[in-house]
Amino acid sequence: MNINHRQVYLMVKQALRKGDDETITKDVERHRKEGFGWRYDGLSDWSTDAIFAKLQALGVDTDEQRFREQAQAAKRPTVLQRTCCEGAPDTGTFWDDFPFLAVEELWRRLMPDLLCPELIADRLEEAVRASSERPSRSPEDGQRDVETALLLMDYLERVPPKERAARLQEVDECGVYDHSSWLLCFVLNHGKRYPDEVTRVADVMSSFDDAANYQGDLAFALAMAGRREQALDRVRANLKRFPEDFWIRIKAGDVYAELGDNEAALAFYIHAMGMAAESYDWDGASERIIDLLEKMGRSDDWRELERKHPRSGRHVDVPFRHALPPPTKVITDRPEFFPLAQKVGRNDPCPCGSGRKYKKCCLERA
């Protein structure tokens, strides 16, 4: 896929944070000494007047009033950046990059209510990066995550459901992290504390993307939040809407287990195990059944259930569950982030190297 100017800028900043590329680090330090540190550090320490003065010195015809008018007409920074760069003479130096950063910095300061993919992507990038860098997150982190997700929902809800996938794609193209995986994890990560906000996110995303997963996770999130009737209403609706979906039944069992109805949970897990067409699905059901039977003091029942619904004969594409790395190893080996060019789908092999599909491995622990 094509990597745009914005993504290159973000990837360089990402490399600097990690500090594992000595060549980039040395180049940046040299450029900082030459007065081009703003290319990597941003323009937050520049005053608005100083930014406009530099733009004008570079031949960009704008000031604060004109910028507001230009932004309203352009609708998004990318369009205005292109206009600015086309109108300014080429200096053949790093200053040719200045309008790119200046437009976005001025947009954040002067046009914060003019929602656009670039500004939303900035918020998402911050949230996804924080999630990867701070496994033990504070309540303030959670609040920022929720505000960011709701900002994206505001943006998506401005268009009909059939246009929302394209809107989200525009946001994705403005960043380097996997926003979709973050959104899928968001429902379970924040549902217990923010059930109303999570419900809105799940319903908006379900209108155009992966409805079974969002709605299945939402039912469990509501159960964790103690909203029993709402959770069960979602379970019933999901079973009616997705009657043949294996994971809808698994998640229904998770809801009943969370609500303390172990018999109902066991029934859903057993039904799901009978539906399992592939080995990783069977593993997902069997792991839950074994744990629940042990909790119920009925571990001996497992042998009969395994006889009725054997794993053998199913499509085997991953090692048997007892041969998999223990959960602590999976978590340790999980990459800190998924770059845009390496997005991981729910059914793709997990990047941690376990051999399992992503939806059955690190996605559940993200």
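Residues numbered from 1 in each chain as written. Predicted model: local features only at pLDDT ≥ 70, side-chain atom pairs only at ≥ 80, totals over all residues. Heavy atoms only, no water.

A. Examining the pattern of salt bridges more closely. Scanning the entire structure with this criterion turns up 24 salt bridges. Put simply, Arg30 and Asp27 hold a salt bridge, and the shortest N to O gap is 3.5 Å. Of this pair, Arg30 and Asp27 both sit in helix H2 (residues 22-33), three residues apart, which is roughly one turn of the helix. By relative accessible area, Asp27 is classed as partly exposed at 31%. Across the salt bridge formed by Arg298 and Glu263, the nearest N and O atoms sit 3.0 Å from each other. Here the residue Arg298 occupies a position in the loop between helix H17 (279-296) and helix H18 (301-308), and Glu263 occupies one in helix H16 (residues 262-275), the gap between them amounting to 35 residues. Sharing partners across several salt bridges, the network here consists of Glu104, Glu105, Arg108, Arg109 and Asp122. (Salt bridge = Lys/Arg side-chain N within 4 Å of Asp/Glu carboxyl O. Helix = DSSP H or I, 4+ residues; strand = E, 2+ residues; numbered from the N terminus. Buried < 20%, exposed > 50% of the residue type's maximum accessible area, 1.4 Å probe, protein only.)

B. Geometry of the side chain of Asp141. For Asp141, the location among the structural elements is in helix H9 (residues 139-156). Judged by relative accessible area, which is 3%, Asp141 ranks as buried.

C. Focus on helix H8 (residues 117-133). Taking 1.5 Å of rise per residue, the 17 residues of H8 would be expected to cover 24 Å, and the 24 Å separating its terminal C-alpha atoms lies within 8% of that figure. Buried within H8 are the following residues: Pro117, Glu118, Leu119, Ile120, Ala121, Leu124, Glu125, Ala127, Val128, Ala130 and Ser132. (Expected span 1.5 Å × (residues − 1).)

D. Spotlight on the packing of aromatic side chains. Throughout the structure, instances matching the rule amount to 13 aromatic pairs. Between the aromatic rings of Phe52 and Phe67, the centroid separation amounts to 6.1 Å while the plane-to-plane angle is 75°, which identifies the pairing as edge-to-face. On the criterion of sequence distance, the pair formed by Phe52 in helix H4 (residues 48-57) and Phe67 in helix H5 (residues 64-74) is long-range, its members being 15 residues apart. Among the residues examined, Phe67 registers a relative accessible area of 1% and is labelled buried. Across from the ring centre of Phe94, 4.0 Å away, lies the NZ or CZ of Arg39, which sits over that ring. We note Lys54 situated over the ring of Trp95; from NZ or CZ to the ring centre the distance is 3.9 Å. (Phe/Tyr/Trp six-rings, centres within 6.5 Å; stacked < 30°, edge-to-face > 60°. Lys NZ or Arg CZ within 6 Å of the ring centre and 35° of its normal.)

E. Local environment of the packing of H9 against helix H11 (residues 179-190). At a minimum axis distance of 11 Å, the contact between H9 and H11 shows a crossing angle of 130°. If you check the angle between H9 and H11, you find them oblique. Here H9 and H11 pass one another in a crossing that is left-handed. Between H9, through Gly142, Asp145, Val146, Ala149, Leu152 and Met153, and H11, the contact on the second element is made entirely by Trp182, Leu183, Phe186 and His190. Of the residues contributing to the contact of H9 with H11, the split by class is seven nonpolar, two polar and one charged. (Axes fitted to C-alpha atoms, helices over the stretch in contact; angles between N-to-C directions. Parallel < 35°, antiparallel > 145°, perpendicular 65-115°, else oblique. Left-handed = near helix turned anticlockwise from the far one by under 90°. Contact = heavy atoms within 4.5 Å. Nonpolar A, V, L, I, M, F, W, Y, C, P; charged D, E, K, R; others polar.)

F. Structural context of unusual backbone geometry. We note that Lys75 has phi near 75°; this positive angle belongs to a residue other than glycine. With respect to the helices and strands, Lys75 occurs in the loop between H5 and helix H6 (77-87). Residue Asp210 is not a glycine yet carries a positive backbone phi of 50°. On the secondary structure map, Asp210 appears in the loop between helix H12 (195-206) and helix H13 (211-224).

G. View of the nonpolar core. Grouped together as the largest cluster of nonpolar side chains are 67 residues, with contacts concentrated most on Leu152, Met153, Trp182, Leu183, Met205, Val255 and Ile289. Not counting chain neighbours up to four residues away, the residues in contact with Ile289 comprise Leu266, Tyr269, Ile270, Met273, Trp302 and Leu305. Among the nonpolar cores identified, the runner-up in size contains 27 residues, and Phe52, Ala74, Cys84 and Leu101 belong to it. (Core = buried A, V, L, I, M, F, W, Y, C linked by side-chain atoms within 4.5 Å.)

H. Region of the structure containing the environment of Gly35. Locating Gly35 in the fold gives a position in the loop between H2 and helix H3 (38-41). Each C-alpha atom of the pair Gly35 and Phe94 lies 9.9 Å from the other, and the pair is 59 residues apart in sequence.

I. Main features of the environment of Asp254. The residue Asp254 is located in helix H15 (residues 246-258) in this model. Assessed through its relative accessible area of 13%, Asp254 is described here as buried. Considering only alpha carbons, one finds Asp254 and Gly216, 38 residues apart in sequence, at a separation of 9.5 Å. The contacts of Asp254, once residues within four sequence positions are left out, are Phe220, Tyr269 and Arg288.

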